[in-house]
Amino acid sequence: SPAGMALSVLVILLLSVLYEAVKMGKAVLLRRALLALPRSLSQEALSEPQPGDSDPAQGRPSLMAFPISFPRWFWFHVAQTLFHVLQVVLGYMVMLAVMSYNAWIFLGAILGSTLGYFL
């Protein structure tokens, strides 16, 4: 039906726009992750130990003294990984729709990609 075809084209268009938005989100996260990285590992190694980092009786770090939280760059990497998975899934969905060899679906994917990149 014409309404079903129009809805299909609209859904593919929106998926293509979302694909481009996720791609840009990954780039923004990469920039933030690079800014969150320490300047050099040698500075971390030379930093002063914090109070409570070592067991005074044994003179070496205790297992309870290690922080449970991860560094900020780690969470940016986790977010980048999730964005990558979402981008791959969306890309395969759009590709599968285009492989239906329907010209309207193909034009919806192209228009959605163009619009998503433009925004």
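Numbering of residues starts from 1 in every chain and runs along the sequence as written. Side-chain atom pairs in this predicted model are given and counted only at pLDDT of 80 or more, local residue features only at pLDDT of at least 70, and totals for whole chains, interfaces and linings cover all residues. Hydrogens are left out, water is left out, and the side-chain values use all remaining heavy atoms of the structure.

1. Observations regarding unusual backbone geometry
And then number 1: Positioned with a positive phi, tyrosine 101 is a non-glycine residue whose angle comes to about 60 degrees.
And then number 2: Mapped onto the secondary structure, tyrosine 101 falls in the loop between helix H3 (72-98) and helix H4 (103-118).
And then number 3: Overall, the relative accessible area of 70% leaves tyrosine 101 in the exposed class. For the purposes of this entry, the term helix denotes a DSSP run of H or I that reaches at least four residues, the term strand denotes a run of E that reaches at least two, and both are numbered from the N terminus. Accessible area is worked out with a 1.4 Å probe on protein chains only. A residue is then buried under 20% of its type maximum, exposed over 50%, and partly exposed in between.

2. Looking at the side chain of glutamine 87
And then number 1: Among the structural elements, glutamine 87 can be located in helix H3.
And then number 2: There is a polar contact of 3.0 Å between the side chain of glutamine 87 and the side chain of lysine 26.
And then number 3: In this structure glutamine 87 touches Tyr19, Val22, Lys23 and Lys26, once residues within four positions along its chain are discounted. Counting of polar contacts relies on pairs of N or O atoms within 3.5 Å, with two restrictions inside protein: one atom must be capable of donating a hydrogen and the other of accepting it, and residues adjacent in sequence are counted only when both atoms are side-chain atoms. We call two residues in contact whenever any of their non-hydrogen atoms come within 4.5 Å of each other.

3. Considering a nonpolar patch on the surface
And then number 1: Each patch is assembled from residues with relative accessible area greater than 30% and no salt bridge, linking like charges that lie within 9 Å and nonpolar side chains (Val, Leu, Ile, Met, Phe, Trp, Tyr) that lie within 5 Å. For every accessible area listed, the method is Shrake-Rupley and the probe measures 1.4 Å; residues are considered covered only by the protein chains on display. A carboxyl oxygen of Asp or Glu within 4 Å of a side-chain nitrogen of Lys or Arg is what we treat as a salt bridge. Among the surface-exposed residues, Val88, Tyr92, Met95, Met99 and Tyr101 lie close enough to one another that they form a single nonpolar patch of about 590 Å² accessible area.
And then number 2: Within the secondary structure, valine 88 sits in helix H3.

4. Description of the packing of helix H1 (residues 2-36) against H4
And then number 1: Note on method: axes are straight lines fitted to C-alpha atoms, helices fitted across the in-contact stretch only, with angles between N-to-C directions ranging 0 to 180 degrees. Contact pair H1 / H4: the axes reach a minimum separation of 7 Å and the direction vectors enclose 35 degrees. Here H1 and H4 pass one another in a crossing that is right-handed. Each of Met5, Ser8, Val9, Ile12, Leu13, Ser16, Val17 and Glu20 in H1 lies in contact with H4, whose residues at this interface are Trp104, Ile105, Gly108, Ala109, Leu111, Gly112, Ser113, Leu115, Gly116 and Tyr117.
And then number 2: Ten residues, namely Ala, Val, Leu, Ile, Met, Phe, Trp, Tyr, Cys and Pro, are considered nonpolar, four, namely Asp, Glu, Lys and Arg, are considered charged, and the remaining ones, Gly among them, are considered polar. Its residues assigned to classes, the contact of H1 with H4 comprises eleven nonpolar, six polar and one charged. Crossing handedness is read from the near helix: turned anticlockwise from the far helix by less than a right angle, it gives a left-handed crossing, and turned clockwise, a right-handed one.

5. Let's talk about the UniProt feature "transmembrane region" (unreviewed entry) in the protein
And then number 1: UniProt positions are given in the numbering used here, feature names are shortened, and annotations may be inferred rather than shown by experiment. Within this numbering scheme, the UniProt entry marks residues 6-22 as carrying the feature "transmembrane region" (unreviewed entry).
And then number 2: Overall, residues 6-22 shows 100% helix and 0% strand. The separation of its end C-alpha atoms is 24 Å.

6. A closer look at the nonpolar core
And then number 1: The set of buried Ala, Val, Leu, Ile, Met, Phe, Trp, Tyr and Cys residues whose side-chain atoms join them within 4.5 Å is what this entry labels a nonpolar core. Residues Val9, Ile12, Leu15, Val22, Leu90, Val94, Ala97, Ile105 and Ala109 constitute the largest nonpolar core, which totals nine residues.
And then number 2: Elements supplying a minimum of two residues to this core: H1, H3 and H4.
And then number 3: At four residues, the largest contribution of residues to this core is made by H1.
And then number 4: Excluding residues within four positions of it along the chain, valine 9 makes contact with Trp104, Ile105 and Gly108.

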